[in-house]
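A structural walkthrough
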Amino acid sequence: MHRVFRNKTAIFLFVAPGMLLFALTFLAPILVSGYYSFTDTLAPGTPVKMVGFDNYTNLLFHDGKFWLALRNALLLGIGFIVLQHPICIFFAILLDRLGGKAEKIFRTIFFIPCVISVVVISKMWLSLLDPTFGMLNKLLDLIGLDALKHAWLGESSTALGSMLFILIWAGFGWGLLFYYAGVKGISEDLYEAAQLDGASGFRMHLKITVPLLKPVIAVQFTLAIITALKQMETVFLTTNGGPGDSTQFLAVYLYNKAFSASQYGYANAISILFVIVCLLATYLSNRLTRSDATDF
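Now for a quick tour of the structure. Note that the structure is a prediction, hence the values are computed from the model and not measured. (Residues numbered from 1 in each chain as written. Predicted model: local features only at pLDDT ≥ 70, side-chain atom pairs only at ≥ 80, totals over all residues. Heavy atoms only, no water.)

This part takes up the overall build of the chain. Looking only at helices and strands, the chain features 15 helices and zero strands. With respect to the three principal axes, the spread of C-alpha positions in the chain is 75 × 75 × 30 Å. When each of the 296 residues of the chain is scored for burial, the buried share is 38%. Within the chain, one finds 21 positive and 17 negative side-chain charges whose respective centroids are separated by 8 Å. (Helix = DSSP H or I, 4+ residues; strand = E, 2+ residues; numbered from the N terminus. Buried < 20%, exposed > 50% of the residue type's maximum accessible area, 1.4 Å probe, protein only. Lys, Arg positive; Asp, Glu negative; His and termini not counted. Charge placed at Lys NZ, Arg CZ, Asp CG, Glu CD.)

Attention now goes to the environment of Asn58. Topologically, Asn58 is positioned in helix H3 (residues 54-62). The class for Asn58 is partly exposed, based on a relative accessible area of 33%.

Counting through the fold element by element, Gln84 comes out in helix H4 (residues 64-98). At 3.5 Å, the side chain of Gln84 forms a polar contact with the backbone oxygen of Gly171. Setting aside anything within four residues of it in sequence, one finds Gln84 in contact with Gly79, Ile168, Gly171 and Phe172. (Polar contact = N/O pair within 3.5 Å; in protein donor to acceptor, adjacent residues only side chain to side chain. Contact = heavy atoms within 4.5 Å.)

Turning next to the pattern of salt bridges. Within the structure shown, the criterion is met by six salt bridges. Asp96 is the partner of Arg97 in a salt bridge, and the nearest nitrogen-oxygen pair spans 2.8 Å. (Salt bridge = Lys/Arg side-chain N within 4 Å of Asp/Glu carboxyl O.)

Next up on the list: the nonpolar core. The biggest cluster of nonpolar side chains holds 37 residues, and the ones touching the most others in it are Leu59, Leu76, Leu229, Phe249 and Leu250. Here this core gets eight residues from one element, more than from any other, and that element is helix H15 (residues 264-293). Not counting residues up to four positions away in its chain, the partners in contact with Leu76 are Leu164, Leu167, Ile168, Ala228, Gln231 and Phe249. Ranked by size, the runner-up nonpolar core spans 11 residues in total, among them Cys88, Ile89, Leu95 and Tyr180. (Core = buried A, V, L, I, M, F, W, Y, C linked by side-chain atoms within 4.5 Å.)

Between its first and last C-alpha atoms helix H12 (residues 214-229) spans 23 Å; for 16 residues at 1.5 Å apiece the expected length is 22 Å, and the two agree. Ala218, Gln220, Thr222, Ala224, Ile225, Ala228 and Leu229 are the residues of H12 that are buried. (Expected span 1.5 Å × (residues − 1).)

This part is about the packing of aromatic side chains. For any pair of aromatic rings, the description rests on two quantities: the centre-to-centre distance and the angle between the ring planes. A full pass over the atoms with the stated rule returns 17 aromatic pairs. On the basis of an interplanar angle of 35 degrees and a centroid distance of 6.4 Å, the ring pair of Phe106 and Phe110 is categorised as tilted. Here Phe110 and Phe106 lie together in helix H5 (residues 100-115), a separation of four residues that amounts to about one turn. Phe106 sits in the partly exposed class, given a relative accessible area of 40%. Cluster of aromatic residues (ring-pair linked, three or more members): Phe90, Phe91, Phe106, Phe110 and Phe172. (Phe/Tyr/Trp six-rings, centres within 6.5 Å; stacked < 30°, edge-to-face > 60°.)

Two measures define how a pair of helices packs: the angle their axes make with one another and the distance between the axes. Two elements in contact, H4 and H12, have axes whose closest approach is 8 Å; the angle formed by their N-to-C orientations is 145 degrees. Note on packing geometry: the crossing formed by H4 with H12 is right-handed. Listed contacts from H12 to Leu70, Ala73, Leu76, Gly77, Phe80, Ile81, His85 and Ile89 of H4 are Ile217, Gln220, Phe221, Ala224, Ile225, Thr227, Ala228 and Leu229. Tallied by class, residues from the contact of H4 with H12 come to 12 nonpolar, four polar and no charged. (Axes fitted to C-alpha atoms, helices over the stretch in contact; angles between N-to-C directions. Left-handed = near helix turned anticlockwise from the far one by under 90°. Nonpolar A, V, L, I, M, F, W, Y, C, P; charged D, E, K, R; others polar.)

Okay, the side chain of Thr209 next. In this structure, Thr209 sits in helix H11 (residues 201-212). Residue class for Thr209 comes out buried when judged on its relative accessible area of 0%. Here His205 takes part through its side chain, which lies 2.8 Å from a polar atom of the side chain of Thr209. With residues up to four places along the chain from it excluded, the contact list for Thr209 reads Ile93, Val183, Ile186, Tyr191 and Met204.

Together, Leu98, Ile105, Phe106, Ile109, Ile112, Val115, Ile116 and Val120 make up an exposed nonpolar region whose accessible area comes to about 690 Å². Of note, Leu98 is situated in helix H4. (Patch = residues over 30% accessible without salt bridge, like charges linked within 9 Å, V, L, I, M, F, W, Y side chains within 5 Å. Areas by Shrake-Rupley, 256 points an atom, 1.4 Å probe, with all protein chains shown as cover.)

By themselves, these observations are geometric and do not establish any function.
Following this line, the structure appears as structure tokens:
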């Protein structure tokens with residue numbers, strides 16, 4: 001077996017199928033998209049006219065919607081990191097301490113939104129936030145706070161906040177699953193030793209659990225940024241970027257430019273910048289979290 005792994009031909013034969021699949025499903029589409037990004041074609045198969053870097057110039061210097069969509073995606077990423085992840089860590093620790101049947105039941109309940117269809121989740125929140133018949137406005141009426149009633153997804157002042165809440169809620173189960181697995185991997189001996197030294201409760205988890213979760217936090221940090229940047233389905237099914245462009249996100253903007261506005265070349269320029277932003281965000285998040293994560 002060792003002779004096989006020292007044989008360069010054998011190594012190439014083992015690696016070649018995977019590399020070919022990677023090239024056909026990842027590199028080739030990016031290259032084709034890069035080609036079309038320098039054109040003003042309306043759709044695949046239509047006449048192609050090369051326009052050079054005009055699409056990129058318009059995007060970077062004249063397209064305010066692109067920067068708005070990027071800002072909204074970054075706000076969502078910050079929401080994941082600042083709001084969702086600390087809550088996920090708290091409930092992961094709580095579930096681990098709970099134990100028994102209750103742990104299994106609540107673990108399942110928290111993960112249910114992740115296995116429900118995106119269409120169902122979108123329709124559910126459209127119903128809950130409906131300005132006339134929605135449960136939220138009905139509840140505000142019931143407790144005498146009718147002055148706070150809004151068309152939550154229909155007004156620019158509340159649409160973005162409502163959308164960020166929906167997306168953070170919908171992804172809560174996945175974040176909890178990662179942190180729960182990390183907490184389960186921490187030896188009970190550490191907690192017992194800490195208790196003997198007088199540590200307990202919040203202080204014990206702050207000094208033991210959170211530091212040992214730093215490799216998981218590093219991975220989650222990167223996933224949060226990527227997930228925020230490629231967010232589309234829920235936004236498309238609820239607001240489609242509206243009202244106006246208040247809930248515009250990069251993937252939704254790209255889709256609308258390609259298939260609604262028939263600006264296929266321009267949409268491909270967005271997709272190339274989208275890939276560059278994802279790679280840059282991943283690189284920066286890895287640099288920011290690598291030193292801390294590798295200390296444990």
